[in-house]
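Take a look at the letters that make up each chain.
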Amino acid sequence: MPEAVIVATARSPIGRAHKGSLRELRPDDLATTIVDAALSKVPQLDRTLIEDLYLGCGLPGGEQGFNMARVVATKLGLDGLPGATVTRYCSSSLQTTRMAFHAIKAGEGDIFVSAGVETVSRFARGSSDGLPSEAAALVGGSWQNPYFSGAEARTARFAEGGETWTDPRSYGEIPDIYISMGQTAENLAQIKNISRAEMDEFGVRSQNLAEKAIADGFWEREITPVTLPDGTVVSTDDGPRPGVSLDAVSQLKPVFRPDGRVTAGNCCPLNDGAAAVVVMSDTKARELGITPLARILATGVTALSPEIMGLGPVEASRQALRRAGLSIGDVDLVEINEAFAAQVIPSYQDLGIPLDKLNVNGGAIAIGHPFGMTGARITGTLLNSLSWHDKTIGLETMCVGGGQGMALVVERLS
């Protein structure tokens, strides 16, 4: 049975939505630039041999609609390359890597591109036209991002229950799974008794580690500079802030509940960005003389109640590790997407991950979380980190809006 190996990765800088550096770029143009950059890292590869291009996008509508993967293929001049745009919300481009992994293991192809993009700055405004039904349903015809939309009635009832969680199925209702992600974070802070101070400390940790990694040249290794329409070149992430202190972060007001614990200092912002991963069979890589970066050992995807979606990494990671024949003790470095400190903290604690192995160069609280990009971005960051620290086994995992978790286990090869 062939093995699936990763032979190249690339990502754009991550811009702040609406006011950041990438706001003038269309998502299909940005994704095309980054896929081209990833493929350029394996010049031995004849691009006409690529069998499919999978593109993850959290909310594929408006400028992100019309099967953007196929648009990217044609923009690359590859009219013979099929494309599929996939949404699993926050883990959309981890799902696309999983699809490439499965196709190779099944013997149904040797060369695939897994990419992801999200440009929140370019989302359609004012109506639900062109938006997926779950997004339109959130606001009854005018779009808001579920990370920052108001609490749904079902979540309010949940919150009124106090510190003890009640299975929502007991209400006998159809689940409204795309409740505000911020409300789910507040739920976890209550249920798991995560204090505001703990969350703030984690947010400051992310910023401080990212600042150090920038100074050390870590992030520069994985970022592909992007040229804007006016000729300006963007080569760094907008999000990391130098000198972030706990004292400053502790002064921020709660975002989602008047007496809440989630603030702009302990959760991810809204962002724009794209990333890509080239996945190939080990036999094809040898045939072409390409040295793989890593082997994909296993993936996992699980689900749980939407109200506590932030704990998704726990069972997904256990599933993926079990399939890889490994335990958490075998893992050298872990990347958990930092949607909210309120969900990362209980996730790494429940999994028994030592803090010195977790997000060692900072995470999404500092650099950002463009939904469709994040899965592929974290894969590249994990491989960069394994190489930087000369480690071997890596775990990538994240929670997913709507109540899911996803994970990937890799073995670094070079």
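The structure presented is a predicted model; accordingly, all values stated were derived computationally and were not measured. (Residues numbered from 1 in each chain as written. Predicted model: local features only at pLDDT ≥ 70, side-chain atom pairs only at ≥ 80, totals over all residues. Heavy atoms only, no water.)

Trainee: How should I be thinking about the overall build of the chain in this particular structure?
Mentor: Looking only at helices and strands, the chain features 13 helices and twelve strands. The buried share among the 414 residues of the chain stands at 59%. In the chain, of all internal contacts separated by at least 6 residues, the share reaching a separation of at least 24 is 80%. Here the chain displays about 15100 Å² of accessible surface, and carbon together with sulfur accounts for 50% of that area. (Helix = DSSP H or I, 4+ residues; strand = E, 2+ residues; numbered from the N terminus. Buried < 20%, exposed > 50% of the residue type's maximum accessible area, 1.4 Å probe, protein only. Contact = heavy atoms within 4.5 Å. Areas by Shrake-Rupley, 256 points an atom, 1.4 Å probe, with all protein chains shown as cover.)

Trainee: Explain empty space enclosed by the protein here, please?
Mentor: Taking a probe equal in size to a water molecule and rolling it over the atoms shows the remaining empty space. This structure, assessed with the given rule, holds two cavities of 30 Å³ or more. Volume-wise, the second largest cavity comes out at about 40 Å³. Lining the second largest cavity, in full, are Thr9, Ala10, Arg11, Glu222, Ala376, Arg377, Gly380 and Thr381. Only strand S1 (4–11) and helix H13 (371–388) provide two or more residues apiece to the lining of the second largest cavity. For the lining of the second largest cavity, the leading source of residues is H13, giving four residues. Of the residues in the lining of the second largest cavity, the class split is two nonpolar, three polar and three charged. (1 Å grid on protein atoms, 1.4 Å probe; cavity = no way out; pocket = protein on both sides within 12 Å on 5 of 7 lines; lining within 4 Å. Points joined across faces, edges and corners; volume = space filled by probe spheres on them. Nonpolar A, V, L, I, M, F, W, Y, C, P; charged D, E, K, R; others polar.)

Trainee: Would you explain helix H11 (residues 341–351) in this entry?
Mentor: Every α-helix carries 3.6 residues per turn, so stepping three or four residues along brings you back to the same face. Counting buried residues in H11 gives nine out of eleven residues, a clear majority hidden from the surface. Those residues of H11 that are buried are in contact with helix H6 (181–191), helix H7 (196–216), helix H10 (312–324), strand S10 (333–336), helix H12 (364–367) and strand S11 (393–400). One or two positions beyond H11, positive phi appears at Gly352, with a value near 75°.

Trainee: I keep staring at the pattern of salt bridges and nothing clicks. Help me out?
Mentor: Where charged atoms of side chains with opposite charge meet at close range, the side chains can pair. Under the counting rule described, the total for this entry stands at 17 salt bridges. Here Lys192 ties to Asp350 by a salt bridge, and the two come within 3.1 Å at their closest N and O atoms. Placement of Lys192 in the loop between H6 and H7 and of Asp350 in helix H11 is noted, with a sequence separation of 158 residues between them. Taking relative accessible area as the criterion, Lys192 reaches 32% and is therefore assigned partly exposed. When salt bridges that share partners are traced, they join Arg26, Asp28, Glu63 and Arg122 into one network. (Salt bridge = Lys/Arg side-chain N within 4 Å of Asp/Glu carboxyl O.)

Trainee: Teacher, can you tell me more about the confidence of the model for the chain here?
Mentor: Predicted coordinates in areas of low pLDDT are best not read in detail. Here the chain shows a mean pLDDT of 90. Residues at 70 or above account for 87%. Here residues 126–174 is a poorly scored stretch, pLDDT under 50, and it has 91 contacts once near neighbours within four places are set aside; other chains count. (pLDDT = per-residue confidence, 0-100.)

Trainee: What is the right way to read the layout of surface pockets from this model?
Mentor: One number sums up the size of the largest pocket: a volume of about 310 Å³. Every residue lining the largest pocket is counted, 19 residues in all, and those nearest its centre are Thr9, Lys41, Leu293, Leu383 and Asn384. Partitioning the lining of the largest pocket into residue classes produces eight nonpolar, seven polar and four charged.

Trainee: What's the story with the side chain of Arg16 in this structure? I'm lost.
Mentor: In this fold, Arg16 is placed in strand S2 (residues 15–16). The side chain of Arg16 sits in the buried core without any salt bridge; Asp238 is the nearest counter-charge, 6.3 Å away. Among all residues touching Arg16, those that are not within four sequence positions of it are Ser121, Asp238, Gly239, Arg241, Pro269, Leu270, Asn271 and Asp272. (Lys, Arg positive; Asp, Glu negative; His and termini not counted.)

Trainee: Even after reading the chapter, I still don't get H7, so can you show me in this structure?
Mentor: Helix length check: H7 (21 residues) gives 30 Å between terminal C-alpha atoms against 30 Å at 1.5 Å per residue, within 8%. Restricting attention to buried positions, one finds in H7 the residues Met199, Asp200, Phe202, Gly203, Val204, Arg205, Ser206, Gln207, Ala210 and Ala213. Packing partners of the buried residues in H7 comprise H6, helix H8 (246–249), H11 and H12. Within two residues after H7, Gly217 carries a phi angle of roughly 90°, on the positive side. (Expected span 1.5 Å × (residues − 1).)

Trainee: What's the story with unusual backbone geometry in this structure? I'm lost.
Mentor: A negative phi angle characterises most non-glycine residues, just as the trans form characterises most peptide bonds. Even without being glycine, Asn67 reaches a positive phi, approximately 45°. Mapped onto the elements of the fold, Asn67 is located in the loop between strand S3 (52–56) and helix H2 (68–75). Accessibility expressed as a relative area gives 33% for Asn67, which makes it partly exposed. The phi torsion at Asp390 lies on the positive side, around 55°, for a residue other than glycine. Here Asp390 lies in the loop between H13 and S11.

Trainee: Would you mind showing me how to read the pairing of strand S5 (residues 111–119) here?
Mentor: Residues in a regular strand project their side chains so that they alternate between the two faces of the sheet. Most of S5 sits inside the fold, with nine of its nine residues counted as buried. Judged by which residues are buried, S5 turns out to be covered on both faces: Ile111, Val113, Ala115, Val117 and Thr119 on one side and Phe112, Ser114, Gly116 and Glu118 on the other are all buried. Bridging between S3 and S5 involves five bridges; their strand directions are parallel. Paired with Leu53 across the two strands is Val113, which belongs to S5. (Pairing = 2+ DSSP bridges.)

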